[in-house]
4 protein chains.
Amino acid sequence: MLSVPSPSVAVLGASGFAGALAAQLVWRHPTFELAAVTSRSDAGRRLDDLYPRHRVPLTLEELDLDRHAEVDAAVVAYPHGASAQVVSELVAREVRVVDLSADFRLRDPDVYEHWYGDHPVPDLIDRAVYGLTELYRDELAGADLVANPGCFPTAAVLSLAPLARAGLIGDVVIDAKTGVSGAGRAATEKTHFVAVDENVVPYGVAGHRHTPEIDQELAALGAAVTTTFVPHLVPLDQGELVSCYVTPARETDEPELRALYDDAYAGEPFVELADRPPGVRDVRDTNLCRISVHHDTRAGKILVFGATDNLWKGTSSQAVQNLNLMFGRPEGEGIS
Amino acid sequence: MLSVPSPSVAVLGASGFAGALAAQLVWRHPTFELAAVTSRSDAGRRLDDLYPRHRVPLTLEELDLDRHAEVDAAVVAYPHGASAQVVSELVAREVRVVDLSADFRLRDPDVYEHWYGDHPVPDLIDRAVYGLTELYRDELAGADLVANPGCFPTAAVLSLAPLARAGLIGDVVIDAKTGVSGAGRAATEKTHFVAVDENVVPYGVAGHRHTPEIDQELAALGAAVTTTFVPHLVPLDQGELVSCYVTPARETDEPELRALYDDAYAGEPFVELADRPPGVRDVRDTNLCRISVHHDTRAGKILVFGATDNLWKGTSSQAVQNLNLMFGRPEGEGIS
Amino acid sequence: MLSVPSPSVAVLGASGFAGALAAQLVWRHPTFELAAVTSRSDAGRRLDDLYPRHRVPLTLEELDLDRHAEVDAAVVAYPHGASAQVVSELVAREVRVVDLSADFRLRDPDVYEHWYGDHPVPDLIDRAVYGLTELYRDELAGADLVANPGCFPTAAVLSLAPLARAGLIGDVVIDAKTGVSGAGRAATEKTHFVAVDENVVPYGVAGHRHTPEIDQELAALGAAVTTTFVPHLVPLDQGELVSCYVTPARETDEPELRALYDDAYAGEPFVELADRPPGVRDVRDTNLCRISVHHDTRAGKILVFGATDNLWKGTSSQAVQNLNLMFGRPEGEGIS
Amino acid sequence: MLSVPSPSVAVLGASGFAGALAAQLVWRHPTFELAAVTSRSDAGRRLDDLYPRHRVPLTLEELDLDRHAEVDAAVVAYPHGASAQVVSELVAREVRVVDLSADFRLRDPDVYEHWYGDHPVPDLIDRAVYGLTELYRDELAGADLVANPGCFPTAAVLSLAPLARAGLIGDVVIDAKTGVSGAGRAATEKTHFVAVDENVVPYGVAGHRHTPEIDQELAALGAAVTTTFVPHLVPLDQGELVSCYVTPARETDEPELRALYDDAYAGEPFVELADRPPGVRDVRDTNLCRISVHHDTRAGKILVFGATDNLWKGTSSQAVQNLNLMFGRPEGEGIS
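Residues numbered from 1 in each chain as written. Chains lettered and ligands numbered in written order. Predicted model: local features only at pLDDT ≥ 70, side-chain atom pairs only at ≥ 80, totals over all residues. Heavy atoms only, no water.

## Concerning helix α9 (residues 211-220) of chain B
All names here are of chain B.
Thinking step 1. Across the 10 residues that make up α9, a large majority, 8, are buried.
Thinking step 2. Residues Thr 211, Pro 212, Glu 213, Ile 214, Asp 215, Gln 216, Glu 217 and Leu 218 constitute the buried set of α9.
Thinking step 3. Contact partners of the buried residues in α9: α5 (109-116), β5 (129-130), α6 (133-141), α7 (151-165), β7 (169-178) and β9 (228-233). (Buried < 20%, exposed > 50% of the residue type's maximum accessible area, 1.4 Å probe, protein only. Helix = DSSP H or I, 4+ residues; strand = E, 2+ residues; numbered from the N terminus. Contact = heavy atoms within 4.5 Å.)

In structure tokens, the structure reads:
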């Protein structure tokens with residue numbers, strides 16, 4: 001853990017949805033100082049012109065590492081594959097990094113290669129701490145490179161962790177629903193309003209890249225399963241719901257399930273347990289993951305529903321949650 | 001099958017979403033004649049005042065069986081429980097009935113009682129034909145009482161029938177997403193725009209009443225399974241997607257799966273097979289069920305996605321499809 | 001008027017929203033035969049792959065005038081400026097044309113030039129009939145080139161025509177609200193779901209190209225006014241509402257206003273008068289324009305609200321309405 | 001102005017949208033203490049059960065003035081007519097009040113009576129300060145009863161004030177678009193999701209109760225006009241746009257208009273001037289009013305567009321802005 005009075009933070013790739021929100025959260029943060037925001041495509045534009053409601057009055061700049069690495073920390077909001085190289089250079093210059101891409105999430109380079117192609121800087125993988133705050137709090141405190149989790153793995157792993165630890169996951173299907181901001185700011189046939197409005201569509205069927213990340217983290221918790229994971233695009237902006245259908249590995253009942261989740265999350269400031277299934281509106285613009293667990297005695301399944309805001313706890317506010325730990329700040333500072 | 005030159009049809013309960021659409025489809029039908037529309041709550045109002053775009057210029061009347069049973073057929077769009085009694089009286093007066101409620105869908109009175117309470121006219125249950133047209137076409141031709149399926153069972157059973165027949169369903173999870181029209185016209189805390197907008201919420205968790213109906217029909221096709229079924233409310237008007245996750249009872253592969261679906265649905269005018277997962281927008285305002293099947297070799301699951309319009313194929317256009325069969329009309333007349 | 005037993009129709013530019021709907025309406029039309037659909041960007045794709053719910057099983061082709069001009073009529077759904085040249089070639093080959101672009105709407109070439117730039121074939125302008133069916137019915141019957149109106153002028157001119165004829169328009173402000181399909185199928189920063197969702201934005205302020213078209217038609221009806229016109233993008237797919245605020249040129253009252261509208265539209269099959277202000281949902285997927293007129297005695301204004309579906313009466317179903325007239329078919333055939 | 005170290009605030013009627021947001025803003029406020037939340041209909045429920053994302057862990061109570069008047073201030077979120085009586089009792093007990101209803105907004109009792117009926121406590125009207133912060137800042141600092149403005153008047157008067165002061169408003173039409181939260185939490189035919197979705201509807205035509213409030217405030221600024229005001233319901237949750245069409249009383253030009261707005265709002269923390277027309281998304285969840293002004297030289301009109309969040313600056317965050325002034329706190333505390 002590092003003690004710096006007012007750590008300066010640059011956000012690289014700040015013109016996308018995730019980067020822009022990270023910039024806003026740092027801008028409003030009582031301790032951090034937003035030193036710079038960069039963007040290749042929108043350099044020269046003001047961030048509050050692109051995102052008026054964020055009210056960040058800085059101008060987006062082209063990345064110039066000689067200047068932009070003069071900071072205490074950087075949040076890197078680059079696409080997968082494009083991120084690793086710049087992260088590597090930042091780390092070499094002793095900048096602490098939270099990387100929002102997938103480049104350092106998968107600990108096994110072979111798995112990375114299978115899903116994403118060659119890794120640009122495989123040697124750096126071991127140095128990264130996986131940034132699911134609730135599970136890696138201690139390691140994050142001393143980290144200089146954090147691989148911020150994918151939005152789906154954040155919700156899915158938090159939803160399933162108590163079952164994984166208790167050896168209860170025999171088999172699991174995760175059906176996810178996500179708002180369109182998760183698809184990024186690029187204007188495509190798929191993000192056109194008319195394509196999304198009054199529609200629900202599955203995508204990435206049997207091949208979404210968040211799947212190995214979920215498997216990795218469930219395995220780390222003791223559940224060696226091959227997850228079935230299918231996300232669906234729904235007509236809303238921010239929000240993500242994972243509906244988890246678990247075939248239990250052994251007998252259980254509602255009281256045991258409740259106890260497992262209470263024990264796991266009683267002290268967690270950003271995990272809420274609910275009696276009724278959560279909706280994504282319940283957590284909009286918050287760093288919360290709201291979870292309910294149910295025992296379907298008829299079909300013999302455990303059902304878990306987890307709701308997050310894909311841009312907040314699913315990405316950018318969790319990045320700040322991690323920055324707080326990395327710099328010894330109260331974990332919820334600036335995001336509560 | 002009955003031959004009547006221009007069968008007259010009354011729609012009872014025509015002020016709700018399903019009844020109003022049934023009335024419109026009958027009104028526009030080239031052969032049927034819309035004889036009357038009834039409503040308890042909105043008697044005296046014109047249907048084209050309530051639903052301008054349907055353009056049905058009839059006035060809603062209080063039900064008066066002496067007058068309203070003077071028709072060849074009736075579509076009954078009453079709530080569950082309230083329907084059975086009036087259906088019984090109509091059948092007694094030799095009116096052919098398509099009942100949109102659940103009252104005659106479950107063949108086992110004990111199952112009905114478990115999910116809905118006492119059945120008002122249990123003796124009539126055996127007389128009803130289950131109106132999933134593609135599966136009961138022959139029986140429907142001679143039927144005088146048709147239990148129109150629930151919207152979820154329509155999509156789910158069509159999506160799973162080829163697997164059920166082939167003995168492939170070891171276990172199945174059905175995660176459904178539905179538009180708000182499925183919740184009916186009643187203004188409640190749950191149907192308020194602000195509750196639905198920018199939200200996705202599971203409901204009826206481990207206890208939705210369409211579950212036994214799905215189980216019944218899968219069993220009739222040879223698959224004795226206990227389905228896990230959870231619907232989710234999504235912010236759109238009409239449309240329903242079922243995402244089915246099947247653990248196969250035996251080995252299979254993509255070619256076998258494709259062949260099973262091609263065989264089952266090659267000649268079906270209202271079932272479409274798609275290579276990519278369907279979206280609900282693909283079938284909006286149509287009598288179609290659009291289905292894709294996928295083999296997830298990694299997790300060893302069969303994935304089936306089925307999209308329908310909950311008010312059309314899920315309810316009212318399927319009712320007309322059945323009426324067509326009952327009166328010897330071309331199956332797609334008035335709904336293509 | 002021409003009598004052809006089963007006129008063949010090509011739709012050029014059928015991959016956009018308006019062209020695709022025109023193709024579907026022709027495909028389902030009981031008399032017309034859809035001979036071909038063309039598209040530059042999507043040639044080779046099936047139309048029912050792009051628009052599954054339209055169910056038009058034709059393949060989009062590159063335009064080849066030698067083949068595609070072998071039809072009785074063509075609907076041209078090209079962008080402004082790009083349309084005039086191909087229209088000219090079709091007319092030269094004696095193909096009857098309904099042009100959905102603005103290229104032949106403005107009768108004064110100088111006005112065209114001011115708003116759109118040089119006109120490619122100015123000599124053809126005089127030959128075109130303005131396709132606002134309710135106002136130009138007689139001329140349309142004999143037309144071989146129809147300039148289909150813009151969506152906003154359709155709603156605005158129908159809403160204001162009775163006042164214009166009666167000399168009542170002293171000054172008029174038109175505030176329009178439109179769904180996103182009006183912006184076309186191109187994926188841009190403005191049509192991205194996240195830009196539109198939970199938003200309302202004015203655009204084309206004090207300079208939208210439909211303004212001179214509205215002025216031209218109001219002048220033709222006797223009202224020489226300079227309209228103030230501002231459209232707003234609202235988060236929906238299809239639909240358009242014009243809210244017209246008229247400062248009367250002379251005294252009037254509610255009974256006179258009602259009488260003017262009743263007289264103008266009593267016999268019109270596709271104009272509906274309503275007591276309450278119409279919503280765009282009232283006319284979705286119809287060829288209707290639904291209008292209400294009100295006298296605001298407090299502020300001394302006449303208020304007129306007109307709702308249409310921008311893709312239907314605002315564009316493609318009106319094109320078919322015009323085709324019907326051009327070929328001596330019942331005006332509402334295939335679009336009622 | 002009163003100096004109290006940590007003023008305690010009760011929110012009466014906290015189960016509605018406006019009251020709940022006011023409660024959240026007070027709860028999170030660094031200086032104020034949320035002492036109690038009351039509700040008739042939902043007494044006994046937790047506020048974070050009704051509005052999970054607000055995270056206010058208090059239980060709603062039945063109003064008991066003996067207990068609930070033991071506070072320094074109250075925000076009263078009661079319906080019009082129902083508010084005046086309780087406000088009167090609070091003021092009598094020396095509780096400072098911000099009233100969100102219309103009961104004390106209209107300074108002329110006859111005008112109130114015309115639009116709302118008899119006033120329950122007419123003697124108190126003179127004591128109220130109109131809470132449009134930017135216009136009444138000085139009076140608000142010493143106020144003990146604040147009539148918080150309506151959401152439409154807030155946006156409309158801020159948008160038009162510079163023109164009113166400059167004697168530029170000859171005539172004005174205000175076309176407003178609002179999200180559904182403005183209609184309140186009551187579940188009605190009009191707030192049902194299916195009624196709003198894919199719809200735009202005018203309402204309160206030539207008779208909305210915010211009209212006299214706009215007229216009153218424009219008159220106070222020197223513009224004695226009779227406003228034409230029509231709001232429209234659009235399918236979104238929070239947000240409000242006023243499009244103002246001004247016929248100038250004298251000649252003007254773009255530079256004069258820009259200067260007027262710059263002069264009026266240069267130092268205002270919560271009024272933003274924009275070159276392009278604002279969208280409501282630009283100000284979502286903020287206390288901002290974002291305004292653009294344009295000179296339509298063609299039609300000779302001045303166009304002004306003003307966007308606010310109807311629940312924030314339009315209601316509850318403006319209430320807190322006023323509370324801040326009343327208690328000598330920095331104006332933006334807790335709402336920036």
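## Thoughts on the relation of the copies chain A and chain B
Both copies of the chain are related by one operation, a rotation about an axis with a shift along it.
Thinking step 1. Of the transformation placing chain A onto chain B, the axial shift is 0.0 Å and the rotation is 180 degrees, giving an RMSD of 0.0 Å. Here the symmetry operator amounts to a two-fold rotation axis. Taking C-alpha positions as the reference, the residue of chain A nearest the rotation axis is A:Pro235, at 3.3 Å.
Thinking step 2. Looking at chain A, 100% of its interface residues are interface residues in chain B too, so the copies touch through the same face. (Least-squares fit on C-alpha atoms with pLDDT ≥ 70 in both.)

## Considering the pairing of strand β10 (residues 240-248) of chain B
Residue and element names in this part refer to chain B.
Thinking step 1. In terms of residue burial, β10 counts as a mostly covered element, since 7 of its 9 residues are buried.
Thinking step 2. Two elements, β7 and β10, share 9 bridges in a ladder whose sense is antiparallel. Directly across from Lys 177, in β10, lies its bridge partner Leu 241.
Thinking step 3. Here β10 runs beside strand β13 (residues 301-308); their pairing, made up of 7 bridges, is antiparallel. (Pairing = 2+ DSSP bridges.)

## Brief notes about the pattern of salt bridges
Thinking step 1. Counted according to the given criterion, the structure contains 129 salt bridges over all chains.
Thinking step 2. Here A:Arg298 makes a salt bridge to B:Asp215, at a shortest N to O gap of 2.2 Å. Within this pair, whereas A:Arg298 is found in the loop between β12 (289-296) and β13 (301-308), its partner B:Asp215 is found in helix α9, the two belonging to separate chains.
Thinking step 3. You can call A:Arg298 partly exposed: its relative accessible area is 33%.
Thinking step 4. The salt bridge partner of B:Arg45 is B:Asp42, with a shortest N-O separation of 3.7 Å. (Salt bridge = Lys/Arg side-chain N within 4 Å of Asp/Glu carboxyl O.)

## Here we look at empty space enclosed by the protein
Thinking step 1. On inspection of all chains with the given rule, the structure shows 6 cavities of 30 Å³ or more.
Thinking step 2. Its volume calculated, the largest cavity comes out at about 130 Å³.
Thinking step 3. What lines the largest cavity is a set of 15 residues, among which A:Asp197, B:Asp197, C:Asp197, D:Asp197 and D:Pro235 lie closest to the centre.
Thinking step 4. Among the residues forming the lining of the largest cavity, the class breakdown is 8 nonpolar, no polar and 7 charged. (1 Å grid on protein atoms, 1.4 Å probe; cavity = no way out; pocket = protein on both sides within 12 Å on 5 of 7 lines; lining within 4 Å. Points joined across faces, edges and corners; volume = space filled by probe spheres on them. Nonpolar A, V, L, I, M, F, W, Y, C, P; charged D, E, K, R; others polar.)

## Some details on the interface of chain A and chain B
Thinking step 1. Taken together, the contact pairs 45 residues of chain A with 45 residues of chain B.
Thinking step 2. Carbon and sulfur atoms make up 60% of the area that chain A and chain B hide from each other, which totals about 3600 Å².
Thinking step 3. Inspection of the region where chain A meets chain B yields 10 salt bridges.
Thinking step 4. Between A:Asp175 and B:Lys177 there is a salt bridge whose closest N-O contact spans 2.8 Å.
Thinking step 5. In this structure, the connection of chain A to chain B is made through 28 residue pairs in polar contact (both at pLDDT 80 or more).
Thinking step 6. Put simply, the parts of the chain that give the side of chain A that touches chain B at least two residues each are β7 (169-178), α8 (193-196), β8 (201-202), α9 (211-220), β9 (228-233), β10 (240-248), β12 and β13 of chain A.
Thinking step 7. Looking at the side of chain A that touches chain B residue by residue, the classes come out as 22 nonpolar, 11 polar and 12 charged. (Buried area = accessible area lost by both parts, 1.4 Å probe. Polar contact = N/O pair within 3.5 Å; in protein donor to acceptor, adjacent residues only side chain to side chain.)

## As for the interface of chain B and chain C
Thinking step 1. Counting residues at the interface gives 21 residues for chain B, matched by 21 residues for chain C.
Thinking step 2. Taken together, both faces of the contact between chain B and chain C bury some 1800 Å²; the carbon and sulfur share is 34%.
Thinking step 3. Together, B:Pro52, B:Arg53 and B:Arg55 form the three largest contributors to the area buried by chain B at its contact with chain C, with a combined 32%.
Thinking step 4. In this structure, the connection of chain B to chain C is made through 8 salt bridges.
Thinking step 5. Between B:Asp49 and C:Arg276 there is a salt bridge, with the nearest N and O atoms lying 2.5 Å from each other.
Thinking step 6. Inspection of the chain B/chain C interface yields 12 residue pairs in polar contact (both at pLDDT 80 or more).
Thinking step 7. Along the lines of polarity and charge, the residues of the side of chain B that touches chain C split into 5 nonpolar, 2 polar and 14 charged.

## Section: the packing of helix α7 (residues 151-165) of chain A against helix α10 (residues 254-265) of chain A
All names here are of chain A.
Thinking step 1. Packing of α7 against α10 brings their axes to within 9 Å, and their N-to-C directions diverge by 115 degrees. Taken together, the axis directions place α7 and α10 in an arrangement best described as roughly perpendicular. Crossing angle aside, the handedness with which α7 passes α10 is right-handed. On α10, the residues that touch Val 157, Leu 158, Ser 159, Leu 160, Ala 161, Pro 162, Leu 163 and Arg 165 of α7 are Leu 257, Leu 260, Tyr 261, Ala 264 and Tyr 265.
Thinking step 2. In the contact of α7 with α10, the residues fall into 11 nonpolar, 1 polar and 1 charged. (Axes fitted to C-alpha atoms, helices over the stretch in contact; angles between N-to-C directions. Parallel < 35°, antiparallel > 145°, perpendicular 65-115°, else oblique. Left-handed = near helix turned anticlockwise from the far one by under 90°.)

## Here's the deal with the side chain of D:Thr308
Residue and element names in this part refer to chain D.
Thinking step 1. Take Thr 308: it is sitting in strand β13 (residues 301-308).
Thinking step 2. You can call Thr 308 buried: its relative accessible area is 0%.
Thinking step 3. Residues in contact with Thr 308, not counting those within four places in the same chain, are Ala 155, Gly 239, Glu 240, Val 283, Leu 288, Cys 289 and Lys 313.

## Details of the environment of D:Val242
Residue and element names in this part refer to chain D.
Thinking step 1. Mapped onto the fold, Val 242 is located in strand β10 (residues 240-248).
Thinking step 2. Assessed through its relative accessible area of 0%, Val 242 is described here as buried.
Thinking step 3. C-alpha of Val 242 to C-alpha of Thr 308: the two residues are 66 residues apart in sequence and 8.7 Å apart in space.
Thinking step 4. Setting aside residues no more than four positions away along its own chain, Val 242 makes contact with Phe 152, Ala 155, Ala 156, Ser 159, Ile 174, Asp 175, Ala 176, Val 304, Phe 305 and Gly 306.

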